[in-house]
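Each chain is listed here by its residues.
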Amino acid sequence: MTASITRRTTAARSRIAAVGAIAVAGALILTGCGDQTDGAATKEKTSDAPLFSKLPKKIQDAGVIKVGTDAAYAPMEFTEGSKIVGVDPDIAEALGKQLGVKFQFTSGTFDGLITSLETGRQDVAMSSITDNKKRQEGLDDKGAKIGKGVDFVDYFSSGVSLLVKKGNPENIKSLDDLCGKTVAVQRGTTYEDTFKAQAEKCGDKKLTIEAFDTDAEAQTRVKAGGAVADLNDFPVTAYTAKTSGGGNDFEVGGQQADVGLFGIAVSKDNTQLRDALKEALDAIIKDGSYAKVLEKWNVKDSAVPSATVNAGK
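Residues numbered from 1 in each chain as written. Predicted model: local features only at pLDDT ≥ 70, side-chain atom pairs only at ≥ 80, totals over all residues. Heavy atoms only, no water.

Trainee: Which parts of the structure should I look at to understand empty space enclosed by the protein?
Mentor: Throughout the structure, instances matching the rule amount to 1 cavity of 30 Å³ or more. Approximately 80 Å³ is the volume attributed to the largest cavity. What lines the largest cavity is Asp70, Tyr73, Phe110, Ser127, Ser128, Thr130, Arg135, Gln186, Thr189, Thr190 and Tyr191. (1 Å grid on protein atoms, 1.4 Å probe; cavity = no way out; pocket = protein on both sides within 12 Å on 5 of 7 lines; lining within 4 Å. Points joined across faces, edges and corners; volume = space filled by probe spheres on them.)

This is the structure in C-alpha cells:
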C-alpha cells in the first residue's frame with residue numbers, strides 16, 4: 001500500500017551549448033529537429049525547495065524518497081482508507097517541503113524494514129524505529145553480526161508503557177508484575193527485547209512471550225484475555241487506550257519508562273541522504289512546522305530540540 005505524502009515542485013530545463021551558426025545548422029541537418037526526439041536534450045530536474053541540492057542525484061531525478069513503514073501503529077503511522085497517515089507521514093510531509101521531493105510510504109512488516117534498505121527496495125525506513133547500537137551495528141540479540149547496520153536521523157523521543165485490559169484485572173503496574181504470566185508483543189521490536197530481558201529476570205516464575213507480525217494482533221490477544229499486557233511506545237499506548245472501543249477496551253498500566261529516540265533509518269552507504277534529512281529536520285524544528293505536527297497528534301512532549309545522528313544507546 002502506497003501513499004504519496006508530499007508535493008514536489010520541479011521544472012525541467014534543456015541545456016544546449018551554442019557553438020556558432022554553422023554548427024547549429026549542421027546539427028539540424030543531421031538530426032532533423034533532433035532536440036524534439038527522446039534523449040537529444042539533457043533534462044535536469046530542479047526545485048525551488050531550499051535543500052533540494054543536498055539530495056543525492058538519484059533521488060533528485062526520481063523526485064521521490066521511498067519510505068518503508070509498518071502502518072499499523074496509530075498515532076505514529078496507520079491507514080485511513082488507502083492512505084497512510086499519522087505523526088511520521090506528517091513529519092515527512094514537512095521534510096518534503098524543505099527537500100523538494102515526495103515521501104512515498106509503503107507498508108510492510110516491521111521486522112523487514114531494515115532489510116528493505118539493504119536490498120535497495122526502500123531509501124529510508126520511518127516507522128517509530130528505536131535508534132540503538134544493535135541496529136546501528138547490524139547485530140542480533142546475541143551480538144552476532146547479521147548485517148551492515150544502518151544510520152539513524154533521530155526525530156522523536158518516547159518512553160514505553162504497558163497496555164492492559166480495561167480495568168486492569170491483573171493489576172499490572174510494572175514489568176515485574178508480569179512474571180508467571182503471558183504477554184503479547186510485535187515481533188522484531190525493541191519491546192520484544194524488553195520482554196525477553198524481563199523473562200530472564202523472572203527466572204523460574206516463567207514469563208511467556210507471544211510474538212505477532214503486527215501490534216494490532218498483539219492488542220487483540222490482550223483484549224481477548226489470552227495475554228495480560230502488550231508493550232509499546234507511550235504515545236501509541238495512550239492513543240490505543242483512548243480510542244479502541246471508544247475507550248472501553250484498554251488502559252495504560254503503570255508509568256512511562258525507558259525513554260529513548262526514534263530515528264529515520266538510512267543505509268550506511270547513503271550518507272548524503274542521511275545528512276540531507278538531518279538538515280531538513282533541523283529546518284522544520286526551526287520554522288515551527290515540526291511543533292505543529294506534534295501538537296496535532298497530542299505528542300508534543302516527545303519533541304527533540306535538534307536533529308541528531310545515531311544518538312540512541
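Trainee: Whenever I open this one, the pattern of salt bridges confuses me. Can you help?
Mentor: As a working rule, side chains carrying opposite charge can pair if their charged atoms are close by. If you walk through the whole model with that rule in mind, you get 15 salt bridges. Across the pair aspartate 269 and lysine 148 runs a salt bridge, and its minimum N-O distance is 2.4 Å. A residue pair is termed long-range when its members are at least 10 positions apart, and aspartate 269 in the loop between β14 (250–267) and α9 (271–287) and lysine 148 in the loop between α5 (133–137) and β10 (150–165) qualify at 121 residues. We classify aspartate 269 as exposed; its relative accessible area is 60%. Of the residues examined, lysine 148 reaches a relative accessible area of 45% and is grouped as partly exposed. In this structure, the salt-bridge partner of aspartate 213 is arginine 187, at a minimum N-O distance of 2.5 Å. Within this pair, whereas aspartate 213 is found in the loop between β12 (208–212) and α7 (215–224), its partner arginine 187 is found in the loop between β11 (182–186) and α6 (190–202), the two being separated by 26 residues in sequence. On the accessibility criterion, aspartate 213 (38% relative accessible area) is partly exposed. (Salt bridge = Lys/Arg side-chain N within 4 Å of Asp/Glu carboxyl O. Helix = DSSP H or I, 4+ residues; strand = E, 2+ residues; numbered from the N terminus. Buried < 20%, exposed > 50% of the residue type's maximum accessible area, 1.4 Å probe, protein only.)

Trainee: For this particular structure, what's the right way to read the nonpolar core?
Mentor: For soluble globular proteins, nonpolar side chains are generally found buried alongside one another. Ranked by internal contacts, the top residues of the largest apolar core, which has 61 residues, are Ile65, Ile91, Leu99 and Leu277. Among all residues touching leucine 277, those that are not within four sequence positions of it are Ile65, Leu95, Leu99, Phe103, Val124, Val153, Ile264 and Val266. With 8 residues, the next largest nonpolar core counts Leu117, Ala125, Ile129 and Phe152 among its residues. (Core = buried A, V, L, I, M, F, W, Y, C linked by side-chain atoms within 4.5 Å. Contact = heavy atoms within 4.5 Å.)

Trainee: I would appreciate a short explanation of the environment of serine 128 in the present structure.
Mentor: Locating serine 128 in the fold gives a position in the loop between β9 (124–125) and α5. Serine 128 sits in the buried class, given a relative accessible area of 3%. Distance in space between the C-alpha atoms of serine 128 and tyrosine 73 is 8.4 Å, their sequence separation being 55 residues. Those residues in contact with serine 128 that sit more than four places away from it in its chain are Tyr73, Met76, Glu77, Asp88, Tyr155, Tyr191, Asp233 and Phe262.

Trainee: Whenever I open this one, the layout of surface pockets confuses me. Can you help?
Mentor: If you roll a probe as big as a water molecule over the atoms, it shows you where there is empty space left. Taken as a whole, the largest pocket holds about 510 Å³ of empty space. Taken together, 23 residues form the lining of the largest pocket, with Asp111, Ile114, Arg135, Ile146 and Gly188 sitting closest to its centre. For the lining of the largest pocket, the secondary-structure elements that each account for two or more residues are α4 (113–118), α5 and α6. Looking at side-chain class alone, the lining of the largest pocket contains 6 nonpolar, 7 polar and 10 charged residues. (Nonpolar A, V, L, I, M, F, W, Y, C, P; charged D, E, K, R; others polar.)

Trainee: Whenever I open this one, helix α10 (residues 289–296) confuses me. Can you help?
Mentor: Owing to its 3.6 residues per turn, the α-helix brings residues three or four apart onto one side. Of the residues making up α10, those classed as buried are Tyr290, Val293 and Leu294. Taken end-on, α10 shows its buried residues confined to a sector of 95°, consistent with a single buried face. What points out from α10, more than 90 degrees from its buried face, is the exposed set Lys292, Glu295 and Lys296. Structurally, α10 contributes buried residues whose contacts are with α3 (87–99), β10 and α9. Where α10 terminates, the next one or two residues include asparagine 298, which has phi positive at roughly 60°. (Arc of directions from axis to C-beta.)

Trainee: Can you help me understand the packing of aromatic side chains in this one?
Mentor: Between two aromatic rings, the relevant description is the distance of the centres plus the angle of the planes. Tallying each qualifying case throughout the model produces 4 aromatic pairs. Between the aromatic rings of phenylalanine 78 and tyrosine 239, the centroid separation amounts to 6.1 Å while the plane-to-plane angle is 40°, which identifies the pairing as tilted. With phenylalanine 78 in strand β6 (residues 77–80) and tyrosine 239 in helix α8 (residues 234–243), the pair connects residues that are 161 residues apart, well separated along the chain. Geometrically, the ring pair formed by phenylalanine 78 and tryptophan 297 is edge-to-face, given 5.9 Å between the ring centres and 85° between the ring planes. In this pair, phenylalanine 78 sits in strand β6 while tryptophan 297 sits in the loop between α10 and β15 (308–309), placing the two residues 219 residues apart along the sequence. (Phe/Tyr/Trp six-rings, centres within 6.5 Å; stacked < 30°, edge-to-face > 60°.)

Trainee: Where do I start with the state of the cysteines in this structure?
Mentor: Think of a disulfide as a covalent bridge from one cysteine sulfur atom to another cysteine sulfur atom. Under the counting rule described, the total for this entry stands at 1 disulfide. Covalently, cysteine 179 is tied to cysteine 202 through a disulfide, its sulfur atoms 2.0 Å apart. As the torsion about the S-S bond is roughly -80°, the cysteine 179-cysteine 202 disulfide counts as left-handed. In this pair, cysteine 179 sits in the loop between β10 and β11 while cysteine 202 sits in helix α6, placing the two residues 23 residues apart along the sequence. Of the two residues, cysteine 179 and cysteine 202, neither departs from the other in class, the shared state being buried. (Disulfide = S-S within 2.5 Å.)

Trainee: What's the story with unusual backbone geometry in this structure? I'm lost.
Mentor: Of all residues except glycine, most have a negative phi; of all peptide bonds, most are trans. The omega angle of the peptide bond from alanine 74 to proline 75 is 5°, so this bond is cis rather than trans. Despite not being glycine, asparagine 298 has its phi angle at roughly 60°, a positive value. Mapped onto the elements, asparagine 298 comes out in the loop between α10 and β15. Residue asparagine 298 is classed as exposed on the basis of its relative accessible area of 65%. Residue asparagine 310 is not a glycine yet carries a positive backbone phi of 55°. Structurally, the position occupied by asparagine 310 is in the segment after β15.

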